[in-house]
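Survey of secondary and tertiary structure
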Amino acid sequence: MAEQTRRLVLGGATTGVVGRCRDFTRKALADWQWPGEAESVEDVLLLVSEVITNACLHGGGPRELVLRHSPERLRVEVSDDSPEPPRRRPPGDRALPGGHGLIVLERLARSWGSVPSQDGRPGKTVWLEVPAGGRPQNAA
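Residues numbered from 1 in each chain as written. Predicted model: local features only at pLDDT ≥ 70, side-chain atom pairs only at ≥ 80, totals over all residues. Heavy atoms only, no water.

1. Focus on the overall build of the protein chain
When helices and strands are tallied, the protein chain shows 3 helices and 5 strands. Secondary structure elements in the protein chain, listed N-terminal to C-terminal, are β-α-α-β-β-α-β-β. Taken across its 140 residues, the protein chain has 44% of its residues classed as buried. Intrachain contacts of the protein chain at a sequence separation of at least 6 include 64% that bridge at least 24 residues. (Helix = DSSP H or I, 4+ residues; strand = E, 2+ residues; numbered from the N terminus. Buried < 20%, exposed > 50% of the residue type's maximum accessible area, 1.4 Å probe, protein only. Contact = heavy atoms within 4.5 Å.)

As structure tokens, this is what we get:
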């Protein structure tokens, strides 16, 4: 089976975007008959929520969500207008609530990172990958 791709253009929206992206992802996983237990779907939805929320809070809102499914893995890509790569908040920094999104990515994704936008626009794409057919190796 060749890689299958789903793309959701968001245009920097922030209102209701997390739920919209979760619904989009849930539908894609169902259409692709995502293998594994219900927990693996919930893990993917949590990861999508975290990267979309981070794009809303730190990137001016997500431009696009791309899902790439192959027999081996699911790759999630979220693009935004900020060139700043994601980074953990320093320990003890309590200026804002939250700050656990990257910890969740490190825990549930097989791998993740960010790359500068490839389309000549300012910004970046944050990506993560999870294996098909089960929970990531890092999951408890």
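2. Let's talk about the packing of helix H2 (residues 38-58) against helix H3 (residues 101-108)
Two elements in contact, H2 and H3, have axes separated by 9 Å at closest approach and are oriented at 145 degrees. As H2 packs across H3, the resulting crossing turns out to be left-handed. Across from Asp-43, Leu-46, Leu-47, Glu-50, Val-51 and Asn-54 in H2, the residues of H3 making contact are Gly-101, Leu-102, Val-104, Leu-105 and Leu-108. When its residues are assigned to classes, the contact of H2 with H3 shows 7 nonpolar, 2 polar and 2 charged. (Axes fitted to C-alpha atoms, helices over the stretch in contact; angles between N-to-C directions. Left-handed = near helix turned anticlockwise from the far one by under 90°. Nonpolar A, V, L, I, M, F, W, Y, C, P; charged D, E, K, R; others polar.)

3. Observations concerning the sheet that holds strand S1 (residues 4-9)
Read across the sheet, 5 strands follow the order S1-S2-S3-S5-S4 without closing on themselves; strand pairing throughout is antiparallel. Unpaired on one side and paired on the other, S1 and strand S4 (111-116) mark the two borders of the sheet. Between one strand and the next, the sheet's axes are offset by a mean angle of 15 degrees, whatever the strand orientation. Of the pairings in the sheet, the one linking S1 to strand S2 (residues 62-69) comprises 6 bridges and is antiparallel in character. Each bridged residue has a counterpart across the sheet, and for Leu-8 the counterpart in S2 is Leu-65. Sitting on the sheet, H2 is in contact with S2, strand S3 (73-80) and strand S5 (124-131), with an inclination near 15 degrees to S3. (Pairing = 2+ DSSP bridges.)

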